[in-house]
Amino acid sequence: MNDKERRATTEALFRDVNERIAESAERFDATGTEFVCECSDPSCTHRVAASLAEYEAVRDEPTTFLVLPGHEQGDIEKVVSDRGRFRIVDKVQAVVRRTVIRLNPRTAG
Ligand SMILES: [Zn+2]
């Protein structure tokens, strides 16, 4: 696994964690919740406050991720939306794009 794949895999793991968080938030009818930052730093433990609707908008695309401002990585992604509390980044680096699409939990079926 090269560096790009490793970073993409880390981001995909954080995305999986957030999918669980979104599921339980839905179950308890919460409108807003705290997600984990989906950046490529495996030691990042920061939380991102977002509503379920905001989270769903990020998940609409298999290549967009939710990160804390300043946690975006210019060499693999670009900021497509700045919401103040968080930024939405789109993977532009080819290997990273391919990896996060392959690991997208919502592609099944
Ligand atoms: Zn982060």
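Placed above this text is the structure.
If you're wondering where the values come from, they're calculated on a predicted model, not measured in any experiment.

**Describing the coordination of the zinc ion**
Six octahedral donors around a metal ideally subtend angles of 90 or 180 degrees, whereas four tetrahedral donors ideally subtend 109.5 degrees. C37 (SG), C39 (SG), C44 (SG) and H71 (ND1) make up the full set of protein donors to the zinc ion, lying at 2.0 to 2.4 Å. Classification of the site at the zinc ion as tetrahedral follows from its 4 donor atoms and the range of 105 to 113 degrees in their angles at the metal. Each donor residue of the zinc ion lies on the same chain, and together they follow the pattern C-x1-C-x4-C-x26-H. By relative accessible area, C37 is classed as buried at 1%. Residue class for C39 comes out buried when judged on its relative accessible area of 3%.

**A closer look at the pairing of strand β5 (residues 87-91)**
With respect to burial, β5 is a largely interior element, 5 of its 5 residues being buried. By the alternation rule, side chains of β5 split into R87, V89 and K91 and I88 and D90, which are all buried. Alignment of strand β3 (residues 64-67) against β5, held across 4 bridges, turns out to be antiparallel. Looking at the pairing, T64 lines up with D90 of β5. Relative to β5, strand β4 (residues 77-82) runs antiparallel, the two being bridged by 5 bridges. Looking at the pairing, E77 lines up with K91 of β5. Taking the residues between adjacent antiparallel strands as the criterion, β4 and β5 are bridged by 4 residues, where G84 takes a positive phi near 90 degrees.

Calculation notes
Residues numbered from 1 in each chain as written. Predicted model: local features only at pLDDT ≥ 70, side-chain atom pairs only at ≥ 80, totals over all residues. Heavy atoms only, no water. Donors = N, O, S within 2.8 Å, 3.2 Å for Na, K, Ca; no water. Tetrahedral: all angles 85-135°; square planar, octahedral: opposite > 155°, others 65-115°. Buried < 20%, exposed > 50% of the residue type's maximum accessible area, 1.4 Å probe, protein only. Helix = DSSP H or I, 4+ residues; strand = E, 2+ residues; numbered from the N terminus. Pairing = 2+ DSSP bridges.

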